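These are the residues of each chain, in order.
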Amino acid sequence: MNTPATPSRKPLRVALLGCGTVGSQVARILLEDAENLGRRAGAPLELVGVAVRTLDARRDVDLPAGLLTLDADKLVEDADIVIELMGGIEPAKSLILRAIEHGATVVSGNKALFAQDGPALYEQADAAGVQLSYEAAVAGAIPILRPIRDSLSGDRITRVLGIVNGTTNYILDQMDSTGASFADAVKAAQDLGYAEADPTADVEGHDAAAKAAILASLSFHTRFALENVHCEGITAVTADDIAAAAEDGYVIKLLAIAEILTDDAGAAGIGVRVHPTLLPRTHPLAAVHGAFNAVFIEAENAGELMFYGQGAGGTPTASAVLGDVISAARRMVLGGPGRTETTTGHVPPLSIDTVRTSYCIGLEVADQPGVLARIAQIFAENGVSIETMRQRIHQGGPDGGTTAELRIVTHRAPEASLAATVAQVAALDVITAVSSVLRVEGI
Ligand SMILES: NC(=O)C1=CN([C@@H]2O[C@H](COP(=O)(O)OP(=O)(O)OC[C@H]3O[C@@H](n4cnc5c(N)ncnc54)[C@H](O)[C@@H]3O)[C@@H](O)[C@H]2O)C=CC1
Ligand SMILES: N[C@@H](CC=O)C(=O)O
Ligand code: NA
């Protein structure tokens, strides 16, 4: 028997806030694919208005003029489902709160807002008995928040590793695959439309840090905000770092990492960090090229899981938004939203010093007897064990003699011990330069 083409239930009124890259694609799909979407939702989805800043602006998609409005406040008061795709904190936050007050379910892609206020907004929505979802906010099209919230809610996530910023992955991948400099790779990312004219939020790691805060909050059922995320961007990564990593069988990726750690007193907490990281080329995340995103999850019972796909772009991101809309509509049709998020974990955020990681340290040293012994002694005094050490001799040192380049990869050790080791080694008179210090995962 065929499913009826148009569900007989009263239409759900959908309001869209913002009609930019993502919003215009959401509007297009809602209009073009209305029949299928309505059938899947169990009720027709009627786009009743699109709030814009300027009525006659040029848009990616032609929309019926009657749908456009400058009055976002009024639009949200009269909708069953509000889709926020304006971005930024205000007026997006006030409009979402207003929608919740008026009993509307809310879908958003706003990573900046949800990194800052996600759990508080969720509590407001829950108290009002409406749904709030924001799958598009992390890793664009990739279904990752719903799997964490729903599919893995019966498991215990121990670690999340994500490539969650397409621009920086593209830049690092270009440097790795073509030998391009950082500046040339940024320019290529801009030419292809991945990086903004001002790519600061991407290359400084801020965009990934917002996504890391959201991933940590949902994975560990505790509120983590942007200030809980240790953040380092990729601006200091050089072509030499990439080439040296490649020689040793590694690739450099900007990773967002959230994991269960234990502090000095043995109490559990969560470390959340974003920084350039060396990964063995055999690690699944090393195979994520170009502007693609991927999230690798380790859970106690499920084991290792990997989610891969397009982390940005109007149409891919619209797919995630519409998935949230249909899922919310289904629950509305069935009656009652159900609770999808909890913040009852109460595990505290721990500082970067508590993290146990490995370092890859590049040193330029005088080529003299006893140098390696002095360096090794500092490592030993700090309790840092060396996994591998590679030495290369160069002719033509400052006095016409030879210099040596050392690359040392350590075993996992507390971040504070590693940092102290590097500082003490750097102070040795035989060290000409500390050429790079990068953390290593996946070994
Ligand atoms: N573009 C992408 O690939 C992705 C975007 N997102 C998120 O989706 C949201 C939307 O992103 P984009 O579409 O790329 O941004 P965009 O800048 O292309 O579009 C935002 C639109 O909202 C409009 N707007 C802003 N304030 C408004 C107001 N007060 N009233 C009416 N309209 C207003 C702007 O005029 C613009 O047309 C953001 O939160 C972004 O972080 C998430 C994942 C990927
Ligand atoms: N600037 C972001 C866009 C999506 O969130 C990225 O490069 O991934
Ligand atoms: Na997503």
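The protein has the name Homoserine dehydrogenase in an unreviewed UniProt entry, where Arthrobacter pityocampae is given as its organism. For the record of the protein, the UniProt heading Cofactor (unreviewed entry) holds the text "a metal cation". According to the UniProt record, the Sequence similarities (unreviewed entry) comment for the protein reads "Belongs to the homoserine dehydrogenase family."

The sheet built from six strands is open, its strands ordered β3-β2-β1-β4-β5-β6 with parallel pairing. Two strands lie at the open edges of the sheet, namely β3 (68–69) and β6 (132–133), each paired on one side alone. Relative to β6, strand β5 (residues 105–108) runs parallel, the two being bridged by two bridges. Bridge pairing links valine 106 to leucine 132 in β6.

Every other side chain in a regular strand lies on the same face of the sheet, so the side chains alternate between the two faces. Summarising burial for strand β14 (residues 356–366): eight of the eleven residues are buried, a large majority. In this structure, β14 lies alongside strand β17 (residues 413–414), joined through two bridges in antiparallel fashion. Residue pairing in the sheet places arginine 356 in a bridge with proline 414 of β17. As judged from the eight bridges shared by β14 and strand β18 (residues 431–440), these two strands associate in the antiparallel manner.

UniProt records the feature "binding site: L-homoserine" (unreviewed entry) at Glu196, using the numbering of this structure. Within the secondary structure, glutamate 196 is located in the loop between α8 (182–191) and α9 (200–203). Look past the residues within four positions of glutamate 196 in its chain and what remains in contact with it is Gln190 and Asp202.

A few words now on the site of ligand 1. Contacts to ligand 1 come from 19 residues, most closely from Thr21, Val22, Gly109, Lys111 and Gly313. Within the backbone of valine 22, a nitrogen or oxygen atom sits 2.9 Å from an oxygen atom of ligand 1. Surface burial for ligand 1 is 75%, taken as the share of its 830 Å² of free accessible area covered by protein chains. Across the shell around ligand 1, the residue classes break down as nine nonpolar, eight polar and two charged.

With that settled, the discussion passes to the pattern of salt bridges. In this structure the tally under the stated criterion is 26 salt bridges. Residues glutamate 77 and arginine 98 are paired through a salt bridge, measuring 2.6 Å at the closest nitrogen-oxygen approach. Here arginine 98 lies in helix α4 (residues 92–101) and glutamate 77 lies in helix α3 (residues 72–77), a separation of 21 residues in the sequence. A relative accessible area of 34% places glutamate 77 in the partly exposed class. Of the residues examined, arginine 98 reaches a relative accessible area of 30% and is grouped as partly exposed. Here arginine 159 ties to glutamate 298 by a salt bridge, and the two come within 3.6 Å at their closest N and O atoms. With a gap of 139 residues between them, arginine 159 in strand β7 (residues 157–163) and glutamate 298 in strand β11 (residues 292–299) connect regions that are remote in the sequence. Residue class for arginine 159 comes out buried when judged on its relative accessible area of 11%.

The rules we used
- Residues numbered from 1 in each chain as written.
- Chains lettered and ligands numbered in written order.
- Predicted model: local features only at pLDDT ≥ 70, side-chain atom pairs only at ≥ 80, totals over all residues.
- Heavy atoms only, no water.
- UniProt positions renumbered as here; feature names shortened; annotations may be inferred.
- Pairing = 2+ DSSP bridges.
- Helix = DSSP H or I, 4+ residues; strand = E, 2+ residues; numbered from the N terminus.
- Buried < 20%, exposed > 50% of the residue type's maximum accessible area, 1.4 Å probe, protein only.
- Contact = heavy atoms within 4.5 Å.
- Near = heavy atom within 4 Å.
- Polar contact = N/O pair within 3.5 Å; in protein donor to acceptor, adjacent residues only side chain to side chain.
- Areas by Shrake-Rupley, 256 points an atom, 1.4 Å probe, with all protein chains shown as cover.
- Nonpolar A, V, L, I, M, F, W, Y, C, P; charged D, E, K, R; others polar.
- Salt bridge = Lys/Arg side-chain N within 4 Å of Asp/Glu carboxyl O.

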